[in-house]
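# Close look at the chain arrangement
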Amino acid sequence: QVQLVESGGGLVQAGASLRLSCAASGRTFGGYAMGWFRQPPGKEREFVAAISRSAVSTFYADSVKGRFTISRDNAKNTVYLQMNSLKPEDTAVYYCAARPSTMARTTENDYNYWGQGTQVTVSS
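Since we're looking at a predicted model, the values are computed, not measured.

## A short note on the overall build of the protein
- Across its full length, the protein carries zero helices and eleven strands.
- Mapped from its N terminus to its C terminus, the protein presents α and β elements in the order β-β-β-β-β-β-β-β-β-β-β.
- Computed over C-alpha atoms, the radius of gyration of the protein comes to 13 Å, within 12% of the 14 Å expected from 2.2 N^0.38 for 124 residues, which places it in the range of a compact globule.
- Across its three principal directions, the C-alpha atoms of the protein cover 40 × 25 × 25 Å.
- For the protein, the share of sequence-separated contacts (at least 6 apart) that also reach a separation of at least 24 residues comes to 59%.
- Of the roughly 6100 Å² of accessible surface on the protein, 45% is carried by carbon and sulfur atoms.

## Structural notes on the sheet that holds strand β7 (residues 68–73)
- Pairing is antiparallel across the open sheet formed by four strands, whose spatial order is β1-β3-β8-β7. Sheet topology places β1 (2–7) and β7 at the edges, where each strand pairs with a single neighbour. The mean inter-strand angle of the sheet, taken between neighbouring strand axes irrespective of direction, is 15°.
- In this sheet, strand β3 (residues 18–26) lies alongside β1 in antiparallel orientation, the contact comprising six bridges. Bridging from a neighbouring strand, L4 pairs with A24 of β3.

## Description of the side chain of S21
- When you line up the elements, S21 lands in strand β3.
- Accessibility expressed as a relative area gives 17% for S21, which makes it buried.
- Not counting chain neighbours up to four residues away, the residues in contact with S21 comprise V5, E6, S7, W36, T78, V79 and Y80.

## A word on the nonpolar core
- By size, the foremost hydrophobic cluster in this structure holds 35 residues, and its most contacted members are M34, W36, L81, M83 and Y94.
- Among the elements of the structure, β1, β3, β4 (33–39), β5 (46–51), β7, β8 (78–83), β9 (92–99) and β11 (118–123) are those that each provide at least two residues to this core.

## Concerning unusual backbone geometry
- One non-glycine residue with positive phi stands out, namely A55, at about 70°.
- Note on placement: A55 falls in the loop between β5 and β6 (58–60).
- You will see that S85, though not glycine, has its phi angle at about 50°, which is positive.
- Here S85 lies in the loop between β8 and β9.

Quick notes on the rules
Residues numbered from 1 in each chain as written. Predicted model: local features only at pLDDT ≥ 70, side-chain atom pairs only at ≥ 80, totals over all residues. Heavy atoms only, no water. Helix = DSSP H or I, 4+ residues; strand = E, 2+ residues; numbered from the N terminus. Rg over C-alpha atoms; globule rule 2.2 N^0.38 Å. Contact = heavy atoms within 4.5 Å. Areas by Shrake-Rupley, 256 points an atom, 1.4 Å probe, with all protein chains shown as cover. Pairing = 2+ DSSP bridges. Axes fitted to C-alpha atoms, helices over the stretch in contact; angles between N-to-C directions. Buried < 20%, exposed > 50% of the residue type's maximum accessible area, 1.4 Å probe, protein only. Core = buried A, V, L, I, M, F, W, Y, C linked by side-chain atoms within 4.5 Å.

Below you can see the structure in the form of structure tokens.
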């Protein structure tokens, strides 16, 4: 089992940047593909970005492509989400997730472990 703790959320103005971190503990972090998802107010949770176990492959939702970057540091057991040019529609609770596989996936049912989430609020 792996435990995930997100951090780095906050309140920012449109156009600003934030970097979210997700620290993992438990079994070997390097054995997991990782993903970021978000849940906007009053909406379903949605895919944001994912990264394979070796970081060779990354995937992004169209809505964040070119603005967000997912990365990982296996030595630090941490996955990051760099968010630039933030928009009010990026306001959501952001969750990281892990799946015990080489390959990243874009659907939440493919992930076994979840963090508690961190709030990101972007004001206009």
